[in-house]
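# Structure assessment
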Amino acid sequence: MTLDEIDLSDPEFWAAPRDIRHAAFELLRNTPELVHFEERVIEEAPFPPGAGYYALTRHADIWHVSRNPKLFCSGQG
C-alpha cells in the first residue's frame, strides 16, 4: 500500500476489511510529515469542498494540536 492509495474521505475505505484500514493507518503513522487529503466533491452539496485536511494519526501530533487551539482551529475556515 502507498500513500496515494489511501483516501480517508472515501466511504469505501471505511467499509474495507480491518486489516486494510490498519495497514493504512500504520503507513500514515510511519510517514514523517503530516499527510494532506483533498476534500471530496459531494454532488448537490450546499457548499463547495474546502481546502482539505491533514490526518493526525500519531499521539504526539494529536496531543500538540489539542493543546494549541489558537494555532490549530478548523472552525474559522
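The structure we're discussing is the one just above.
What you are looking at is a predicted structure, and each value in this text was computed from that prediction instead of being measured.

Attention now goes to a nonpolar patch on the surface. Taken together, the side chains of L34, Y54, L56 and I62 present a nonpolar region at the surface, about 360 Å² in accessible area. Structurally, the position occupied by L56 is in the loop between strand 2 (53-55) and helix 3 (59-66). Owing to a relative accessible area of 31%, L56 belongs among the partly exposed residues under this scheme.

Core analysis: the biggest nonpolar cluster contains 8 residues, these being I6, L8, F13, A24, L28, V35, F37 and A55. Elements supplying a minimum of two residues to this core: helix 2 (18-30) and strand 1 (35-37). Ignoring sequence-local partners within four residues, the contact set of F13 consists of I6, D7, L8, R21, A24 and F25.

This paragraph deals with the environment of I6. By secondary structure assignment, the location of I6 is in the segment before helix 1 (11-15). On the basis of relative accessibility, which here comes to 5%, the residue I6 falls in the buried class. It is 10 Å that separates the C-alpha atoms of I6 and V35, two residues lying 29 residues apart in sequence. In contact with I6, other than residues within four places in its own chain, are M1, F13, A24, L27, L28 and F37.

On inspection of all chains with the given rule, the structure shows 2 salt bridges. We note a salt bridge from R40 to D7, for which the minimum N-O separation is 2.9 Å. With R40 in the loop between strand 1 and strand 2 and D7 in the segment before helix 1, this pair connects stretches of sequence that are 33 residues apart. Two residues, D61 and R58, come together in a salt bridge whose shortest N-O distance is 2.9 Å.

Taken as a whole, this structure holds 4 aromatic pairs when the rule is applied. Here the aromatic rings of F37 and Y53 are separated by 5.6 Å at their centres, their planes lie at 20 degrees, and the arrangement is stacked. Placement of F37 in strand 1 and of Y53 in strand 2 is noted, with a sequence separation of 16 residues between them. Residue class for Y53 comes out partly exposed when judged on its relative accessible area of 26%. Joined through ring pairs, the aromatic side chains of F13, W14 and F25 make up one cluster.

This brings us to helix 2. Counted at 1.5 Å a residue, the expected span for helix 2 with its 13 residues is 18 Å, and the 18 Å between its end C-alpha atoms agrees. Looking at the buried residues of helix 2, the elements they touch are helix 1 and strand 1.

Calculation criteria
- Each chain carries its own residue numbering, running from 1 in the written order of its sequence.
- Note on the predicted model: pLDDT of at least 70 is required for a residue's local features to be given, and 80 or more for side-chain atom pairs to be given and counted; whole-chain, interface and lining totals, by contrast, use all residues.
- Hydrogens and waters are ignored; side-chain quantities use all the structure's heavy atoms.
- Patch definition: residues with relative accessible area over 30% and no salt bridge; like charges joined within 9 Å; nonpolar side chains (Val, Leu, Ile, Met, Phe, Trp, Tyr) joined within 5 Å.
- Exposure was quantified through the Shrake-Rupley algorithm and a 1.4 Å probe, taking into account, for residues, occlusion by the shown protein chains and nothing else.
- By definition, a salt bridge exists where a carboxyl oxygen of Asp or Glu is found within 4 Å of a side-chain nitrogen of Lys or Arg.
- Labels follow the DSSP assignment, with helices taken as runs of H or I lasting at least four residues and strands as runs of E lasting at least two, numbered in each case from the N terminus.
- Under the scheme applied here, a residue whose accessible area is under 20% of the maximum for its type counts as buried, over 50% as exposed, and between as partly exposed, the area being computed with a 1.4 Å probe on protein chains only.
- Grouping buried Ala, Val, Leu, Ile, Met, Phe, Trp, Tyr and Cys residues that are joined through side-chain atoms within 4.5 Å yields what is termed a nonpolar core.
- By definition in these notes, contact holds between two residues if any of their heavy atoms fall within 4.5 Å.
- Side-chain rings of Phe, Tyr and Trp (the six-membered ring for Trp) are treated as a pair once their centres are within 6.5 Å; stacked means planes under 30 degrees apart, edge-to-face means over 60, and tilted covers the remaining angles.
- Take the number of residues in a helix, subtract one, and multiply by 1.5 Å to get its expected span.

That is the geometry; function is a separate question.
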